[in-house]
Amino acid sequence: MLNRWNRQEADGLDPLGQLVYQSRLIGAEESLVLWGGGNTSLKIEESDFRGRPCLVLRVKGSGSDMKSIEPRHFSGVRMDDVLNLRDREDMSDEEMVAYLAHTLTDPTAPRPSIETLLHAFVKAASVVHSHADSIVALTNTDCGVKSVIDCYNDSIITIPYLRPGFRLSKEVADAIDQSPHCDALILMNHGLITWGESSEESYSRHINLVTQAENYLAELGRGKTVFGTSGISPLSDEQRRAAAARLAPLVRGALSRNERCILCYDDSPGVLDFVNSKRASQLSQIGPATPDHLLHTKQFPLYIAANESTLSDPKRFFEILKSQLDRYENSYRDYVERHRSASDPQLNPAPRVVLVPGIGIWTAGKDIRAATISRDIYRHTIQVIRAAEGHGAYRSLAEDEIHAVEYWPLELYKLSLAPPEKPLARRIALITGGAGGIGRSIAETFAANGSLIVIADLNETDCAAAANELTKRYGSGTAIGLAMDVTDEQSVKRAINQLTLAYGGLDILISNAGIARTGRIDELNLEDWEQSLAVNATGHFLVAREAVRIFREQGIGGNIIFNVTKNVLAAGAEFGAYSASKAAEMQLARVLAIENGQYGIRVNMINPDAVFSAGLWSPEIKAQRAKAQGIEVAYLEEYYRKRNLLQVKVTAEDVSEAALWLASDRSAKTTGCIIPVDGGLREAFPR
Ligand code: ZN
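A few points on the structure. Bear in mind that the values here come from a model prediction, so they are computed numbers and not experimental data. (Residues numbered from 1 in each chain as written. Predicted model: local features only at pLDDT ≥ 70, side-chain atom pairs only at ≥ 80, totals over all residues. Heavy atoms only, no water.)

To continue, consider the sheet that holds strand β8 (residues 262-266). The mixed open sheet is built from four strands, whose spatial order is β8-β11-β10-β9. The open sheet terminates on both sides in strands that have one partner only, identified here as β8 and β9 (302-303). With five bridges joining them, β8 and strand β11 (residues 360-365) adopt antiparallel strand pairing. Bridge assignment links D266 to a residue of β11, and that residue is I361. (Pairing = 2+ DSSP bridges. Helix = DSSP H or I, 4+ residues; strand = E, 2+ residues; numbered from the N terminus.)

We now examine the pairing of strand β2 (residues 53-60). Most of β2 is tucked away, with six of its eight residues classed as buried. Sheet analysis places strand β1 (residues 39-47) next to β2, joined by seven bridges and oriented antiparallel. Across the sheet, residue L42 finds its bridge partner in β2, namely R58. Where β1 hands over to β2, the hairpin turn is made up of five residues, of which G51 adopts a positive phi near 85°. (Buried < 20%, exposed > 50% of the residue type's maximum accessible area, 1.4 Å probe, protein only.)

Bringing the coordination of the zinc ion into the picture now. When four donors bind a metal tetrahedrally, each ideal donor-metal-donor angle is 109.5 degrees, and when six bind octahedrally, the ideal angles are 90 or 180 degrees. In this structure, H129 (NE2), H131 (NE2) and H190 (NE2) serve as the protein donors to the zinc ion, at separations of 2.1 to 2.2 Å. Donor residues for the zinc ion, ordered by position in the chain, follow H-x1-H-x58-H. You'll find H129 and H131 in the same group, each marked buried. (Donors = N, O, S within 2.8 Å, 3.2 Å for Na, K, Ca; no water.)

Counting 49 residues, the largest nonpolar core has I135, L138, Y152, I186, F274 and L355 as its most contacted members. Take this core: its biggest share by element is seven residues, from helix α9 (residues 199-221). Each of domain 1 (7-221) and domain 2 (237-416) accounts for three or more of the residues forming this core. Dropping the residues within four chain positions of it, F274 is found in contact with F227, A280, L283, S284, L355, Y378, I382 and I385. Formed by 39 residues, the second largest nonpolar core is a distinct cluster that contains V492, I496, L592 and M605. (Core = buried A, V, L, I, M, F, W, Y, C linked by side-chain atoms within 4.5 Å. Domains from an automatic or database assignment. Contact = heavy atoms within 4.5 Å.)

Take the sheet that holds strand β16 (residues 558-563) next. Read across the open sheet, the seven strands follow the order β14-β13-β12-β15-β16-β17-β18; overall the sheet is parallel. Edge positions in the open sheet fall to β14 (479-483) and β18 (674-677), since each of these has one partner strand only. Sheet twist, expressed as the mean angle between neighbouring strand axes with direction ignored, is 20°. Where strand β15 (residues 508-511) and β16 come together, four bridges link them in parallel fashion. Among the inter-strand pairings, L509 is bridged to a residue of β16, identified as I560. Along the sheet, helix α21 (residues 489-503) contacts β12 (428-432), β13 (452-457) and β14; its crossing angle with β14, the most-contacted strand, is approximately 160°. (Axes fitted to C-alpha atoms, helices over the stretch in contact; angles between N-to-C directions.)

What follows concerns the packing of aromatic side chains. Under the definition given, this model contains eight aromatic pairs. Aromatic pair Y265 and W362: ring centres 5.6 Å apart, planes at 40°, arrangement tilted. With Y265 in strand β8 and W362 in strand β11, this residue pair connects regions lying 97 residues apart in the sequence. Accessibility expressed as a relative area gives 1% for W362, which makes it buried. (Phe/Tyr/Trp six-rings, centres within 6.5 Å; stacked < 30°, edge-to-face > 60°.)

See below:
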């Protein structure tokens, strides 16, 4: 592992700056820490709130991520207040957390890491703790201690696995006192601790020791085929992705039986090498690499014993998936029952990682971030298993330890603090014609309400730009843009496949793409008529058909909202191609509602009128509609405003509000309905 310390960059920094610099270097190495794992600290002479000098432990706050850590994420703990704790015999986690809250130099600082006392009790100024893959690969075998001694002689202290907390902190301090010649410590099945008089010293020592472990493991694993031969004939990239796109909604639906989830798909080479091997079924069922990995991957992934023929037969695949998932969830409930205490909540029994030979893995989470974290962590689990099997037999924690971490009161407390989920959380929405106008406005409203967004539109660049804007505001991965021509069956299928690969399935379709061609019928050319039918009728059919197929495969309901128009209820002169094609859309919506109510699929319509915002009306349409009404173009907006009962201007945001209500569970008992968003037009009252 490369030592990235650059004195030119670091030397000018103050001590806290050096701690931040060091932590970011650690955070940048995924094989050291992932997603909030690990922690660092530095003891610094500071002044207290009255200006008196005091020694302060700057230690990573709980939950912050080292790769992007800032000075404010390091809580200040007064050393004077914590050192006396070493004399205590024991202390519960709750007691320790409450105690530490009193020792903060700034009472509003984040809660300090659960490993704070461990950092405080080490006498050296700087302490680094990581969950390095290579260290865990060294310890997580049937010959772990021997491998550590083999690799490092006796220069490193080892401590048997113990859950983080007061007792571990005390044991670490005692062990260091007993072996003053050592300058690092390995926590079995957990990670590495190094220390030094400066941030640079403890960092460099950490990197050196990790490198030594990497070299040791590489030497022992040289020439060995760890995962054995492939148990399945590999598919081409194209075949594999086509199969994954086809099977993803089945997996998502099955995993969402208790709580809806989002899927993340991974077919990177390291993952395929593992899942395709004959040994994956056994190696994957041993357990997690470290306690903090467990929180994102559960104790075991679900391994689906699929072969070439089941992968090409979705019905057969689903039968196997369902029976293996039943077994998985029952066995999870049994495990919880074996260890549960009365106050434990019932966590979702569904797996977080699903392995499918030939395909890769799917990870599941309540949102795309959680699913991505699980994916990243499982990739490293595979690396640890590979390296561990190179020198021994991979081992994990005992079941009671697994349960103690998974149902750790402090973790459960964190879950209970999470804000209530937004109305469209755990939902995936496809919006056709989403790059502009009403579609874009709905995308914005839905993203703000927790939905993942798939923006489909004719122009790929426009889709990508609209999706980028949403991800900037709502987080990485929360929106994607897909080029789609709704009139082209193959284009629709291609985009739908990309969508299921990206998120696993679909919950909401906003069938919105439309065109408005004008002209009196006796003057209308065939091309305009056919184009109107292609987009406003066939386009809705093609996209809705694919959406319903996905909804039925997932088996967790579904929601389609058609953006229709007031013209289907009150047709307008010189708007024949538009009104007639839109009428087909409305009947399509009604038939879909009738055919799919039994599957919990709701289909509703919105009839907006005269939405001028968001550049919806081209100058030509404006001119033509003004002519049809016998007024000047400049008065058009005013004309439409005045002709409705409420005498209001209708905006794209007004339409989005109606769409939000129809898409959320607040309208759970409504299907086949039309909501007019037109300020009130008596000739267009639905009846
Ligand atoms: Zn740790």
